[in-house]
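Below, each chain spelled out in residue letters.
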Amino acid sequence: MTDNNLRHVAIIMDGNNRWAKQRGMAGVSGHKVGVERIRDVMAACQDVGVEVLTVFAFSSENWRRPPVEVEALMSLFLLYLKNEAKALKKKDVALRVIGNRERFSSSIQKAIAAAEDLTRGGKTTLVIAADYGGRWDIAEAAKKIAHQVVAGELDPAAITEDSLHEHTCLADLPPLDLLIRTGGEVRISNFLLWQCAYAELFFSDKLWPDFDGDELKKAAASFHERQRRFGMTGDQIDARALNA
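Position numbers for residues start from 1 in each chain and track the written sequence from start to end. Under the rules for a predicted model, residues below a pLDDT of 70 receive no local features and side-chain atom pairs below 80 are neither given nor counted, while totals for whole chains, interfaces and linings still include all residues. For side-chain calculations, the full set of non-hydrogen atoms in the structure is used, while hydrogens and water are omitted.

**Examining the pairing of strand 4 (residues 124–132)**
If a strand is regular, its side chains alternate between the two faces of the sheet. Of all 9 residues in strand 4, 9 are buried; the element is thus mostly enclosed. Two strands form a pair only when DSSP identifies at least two bridges running between them. Numbering of helices and strands starts at the N terminus; helices are DSSP runs of H or I of at least 4 residues and strands are runs of E of at least 2. In the sheet, strand 2 (residues 52–59) pairs with strand 4 via 7 bridges, with the strands oriented parallel. Of the residues in strand 4, the one forming a bridge with serine 59 is tyrosine 132. Here 6 bridges tie strand 3 (residues 93–98) to strand 4, and the two strands are oriented parallel to one another. Opposite alanine 94, over in strand 4, you have threonine 125 as the bridge partner. Partly exposed describes any residue whose relative accessible area lies between the buried limit of under 20% and the exposed limit of over 50%, with all areas from a 1.4 Å probe on protein chains only and scaled to the type maximum.

**Side note on a nonpolar patch on the surface**
Each patch is built from salt-bridge-free residues with over 30% relative accessible area, joining like charges within 9 Å and nonpolar side chains (Val, Leu, Ile, Met, Phe, Trp, Tyr) within 5 Å. Per-residue and other accessible areas follow the Shrake-Rupley method at a 1.4 Å probe size, with only the shown protein chains counted as cover for residues. One side-chain nitrogen of Lys or Arg within 4 Å of one carboxyl oxygen of Asp or Glu is enough to make a salt bridge. A cluster of nonpolar side chains, contributed by Val186, Leu201 and Phe203, occupies part of the molecular surface with about 260 Å² of accessible area. By secondary structure assignment, the location of valine 186 is in the loop between strand 5 (178–181) and strand 6 (200–203). On the basis of relative accessibility, which here comes to 62%, the residue valine 186 falls in the exposed class.

**Observations concerning the packing of helix 2 (residues 27–47) against helix 3 (residues 67–90)**
Note on method: axes are straight lines fitted to C-alpha atoms, helices fitted across the in-contact stretch only, with angles between N-to-C directions ranging 0 to 180 degrees. Relative orientation of the contacting elements helix 2 and helix 3 amounts to 30°, with a least axis distance of 10 Å. The orientation of helix 2 with respect to helix 3, classified from their angle, is roughly parallel. Between helix 2 and helix 3 the crossing geometry is right-handed. Residues Val28, His31, Lys32, Val35, Ile38 and Arg39 of helix 2 form the contact with helix 3, whose participating residues are Glu69, Ala72, Leu73, Leu76, Tyr80 and Glu84. Any angle from 65 to 115 degrees is called roughly perpendicular, while one under 35 is roughly parallel, one over 145 is roughly antiparallel, and all others are oblique. Helix crossings fall into two classes, left-handed where the near helix is turned counterclockwise from the far one by less than a right angle and right-handed where it is turned clockwise. In this analysis, two residues are considered to be in contact whenever any of their non-hydrogen atoms come within 4.5 Å of each other.

What follows is the structure in C-alpha cells.
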C-alpha cells in the first residue's frame, strides 16, 4: 500500500440513457440528472484534494446518435455553460473545454469562451471533454509537431514523447492519476488514450446519475490502496517510501 497523491481524476459518465429507460423516462432526462452529479462529484473532488476533474461529456463518435438526442444534448450543454459558470467561479473552479469546437454552433462556441474567461484562475479545474477523442488528441499533437518540422523549427530526430505530450490537450495540467467509468462497461472508449498510459482504472456498476460524491470518495479510497510502480518493482517503491 502506498499513500498516493491523487491530483487528477477523469470520468467516463456512462449510463444516463439506461437510467432514464429504467424509469420510463426520455433519455435526455437521464442526462439532465447527470449534470447534477457533476456538481456533487466536483464538490467531493475538492473535499479530497483533487486538483483537476475531467469528464467525458460528448465523444467524437456521439455525433452518430439519433439527431433528436444530439440536439437535446447540445441544448443541455449550452444551458449548462450559461448557468454554471457563475456557480463554478464562486466555488473557485476554473472551467475548460477540450475537443474539436468547429462542429458546435456559434452560440455554443461563444458560451464556451465566455465560461472559460469568467472562471479563469480557479484553484481547481473542471475539464469538459466535448467532441473529443483520444485518437483525435494525439493526431492533433502530431499535426502541430509536423508543422514545426516543415517550418524548420524542429529536427525530426529531436521528437520525443515529451515533445509530443506538450501539444496534447491537458499538457499543462497534472498527469492523470485515476480514470473512472460508470455504468458497468469495462473499456475506455477512446478517452484520454495518451494520458491513460499509467493511470489507475476504476470501473463502477453504478449508472452515472446514481454516482454521487460518496461514490467518488470510494473510488479515491481504492486508488490510495494501490501501489503505483511505473515500471519498478514493489520492493523499489517500498524502499523509496522508507527513504522519503
